[in-house]
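Residues per chain, in single letters:
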Amino acid sequence: MAVAYSGGRDSTALLHATAMQARELGLEVLALHVHHGLSVHADAWLLHCEGQCAAWVAQGLPLRLQWRRLTGQPAAAESIEAWAREGRYAALAEMAREAGTDLLLLAQHRRDQAETLLLQALRGAGAAGLAGMPAQQWREGLCWARPWVDQPREAIEAYIAEHALQHIEDDSNSDPRHARNRLRLAVWPSLTAAFPQAEASLAQSAGWAQQALALLQEIADEDLRALGEGQGLDLLGLQALSPARASNALRAWLQRRTGQIAPASLIRRLAGDEARAGQGAWPCAGGWLRLYRGRLSWSHGAAAPPPPSQIVKLDFAGMHAQPDWGGAWRVEPVMQGGVAAGLLQDLTLRARQGGEQFQRAPRSTARSLKKAYQEAGVPAWQREGPLLFAGERLLFAAGLGIDARMLAAPGQAQFGLRWLPDPATD
Ligand SMILES: Nc1ncnc2c1ncn2[C@@H]1O[C@H](COP(=O)(O)OP(=O)(O)OP(=O)(O)O)[C@@H](O)[C@H]1O
């Protein structure tokens, strides 16, 4: 088993207590320290941990210290604390795995739990945030356990005093830029003066929220199974659920697919009316969420989806830029082979979805757009251009031109229409 050992008061007490127990049981404890490379004191902290562990070993405690230094630095938009936390958890997991242990103890206690709940509530968190830190949690084959999460902080202080243990004081714990420190320094003393039971009560609330969260996950599992999660999520089926249940299922689905918590605004859009059209695309968690034929899927990566459908008006001559498609329309009066001006007033522009029909010549028959492209020998990259619809009828397909069924009669006032994928060179 391993203990995450910062050298601070709490993990010093936990490491000592664990090693004392391990000695009784004939086990060895691995102390894991992460050097974040952030504080000017970080080298001194590592030295302290090494010295402390060596002293305990000399006293006959069965332990061994391993440490790792984080490399790299936070991305421009990332907070230092979030970067350090993620790096720390990754380094701890890696060291534990390398040592062949699947149990890692963390030293958070009941006050930490109460603070976490308050901080989450102040950020407007839902059940997942209000549940605080679980007493134990399996992640990727490793059990992260917080054996003291129900213990008051005073019990740890008493343990430190009883065994006269030395520990470091992290100077960043008094930096008021961190929300947790502001809470500890400015709010906690008056809160507990007015409500002496605050720590216990808040920790108890976190416990209830954990139970509520477990229930929400069970309901999401059930709903997602029914909505055919594997083949893309059936959005209409989802919208038929009660609003709370739909949003719960959607949040769970997005988190499982993307590994991230989805923003509330996205949940509202997807669970609400905006997504009823049956198609659309939204950037999400470094990839794209696509709604196609009523099913929602998420794919990783930056491949841009086609722009959403829109209304365009092409009933006068000239170049009409279409920047979201990277091209332009050229509209010009012609004697034949054009479209009646009236039809160009109110067009819907959208990407291919599959299933469209297209007729290439007046005396041929309409067939699938895919076949029409094949027959005309249009290369694949030219098939990705926009389609224009007059109502439900396909009027124009990039790479092919005007659908023969939409051509104006000779002699009628009409406009020729061309799609220029790269107008600058045309
Ligand atoms: N640099 C580190 N190396 C190894 N483990 C760490 C490190 N920092 C934190 N931990 C682990 O994560 C737990 C929570 O970290 P946090 O910084 O919130 O704790 P803390 O209240 O300052 O605890 P401590 O008094 O042990 O530093 C610690 O109790 C410890 O088990």
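Here, every reference points to the structure presented above.
Treat the numbers as computed from the prediction; the structure is a model and nothing was measured.

1. Considerations on the overall build of the chain
Argument step 1. Across its full length, the chain carries 12 helices and 21 strands.
Argument step 2. The buried share of the chain, reckoned over its 426 residues, is 28%.
Argument step 3. A separation threshold of at least 6 residues defines the contact pool for the chain, and within that pool the share at least 24 residues apart is 65%.

2. Section: the sheet that holds strand β13 (residues 327-334)
The strands making up a sheet associate through backbone hydrogen bonding, with each pair oriented either parallel or antiparallel.
Argument step 1. Read across the open sheet, the four strands follow the order β12-β13-β21-β14; overall the sheet is antiparallel. On the outer flanks of this sheet lie β12 (318-322) and β14 (339-340), each paired with one strand and no other.
Argument step 2. Pairing of β14 with strand β21 (residues 414-420), which is carried by two bridges, proceeds in the antiparallel orientation. Bridge pairing in β21 places Ala-340 opposite Gln-414.

3. Looking at the site of the ligand
Argument step 1. The full set close to the ligand counts 16 residues, and Ala-4, Ser-6, Gly-8, Ser-11 and Ala-107 are the nearest of them.
Argument step 2. At the level of elements, α1 (9-25) and β2 (29-35) are the ones that each hand at least two residues to the shell around the ligand.
Argument step 3. Split by residue class, the shell around the ligand holds six nonpolar, five polar and five charged.

4. Structural notes on the pairing of strand β15 (residues 347-350)
Sheet faces and side chains relate simply in a regular strand, where the side chains alternate between the two faces.
Argument step 1. Taking every second residue as pointing to the same face, the buried face of β15 carries Leu-347 and Leu-349, while none of Thr-348 and Arg-350 on the other face is buried.
Argument step 2. Note that strand β11 (residues 310-312) and β15 share three bridges and pair antiparallel. The residue of β15 that forms the bridge with Gln-310 is Leu-349.
Argument step 3. Relative to strand β18 (residues 387-390), β15 runs antiparallel, the two sharing three bridges. Considered in β18, the bridge of Arg-350 is made with Leu-387.

Conventions adopted
Residues numbered from 1 in each chain as written. Predicted model: local features only at pLDDT ≥ 70, side-chain atom pairs only at ≥ 80, totals over all residues. Helix = DSSP H or I, 4+ residues; strand = E, 2+ residues; numbered from the N terminus. Buried ≥ 20, exposed ≤ 12 C-beta atoms within 10 Å, placed from the backbone. Contact = placed C-beta atoms within 7 Å. Pairing = 2+ DSSP bridges. Near = placed C-beta within 6 Å. Nonpolar A, V, L, I, M, F, W, Y, C, P; charged D, E, K, R; others polar.

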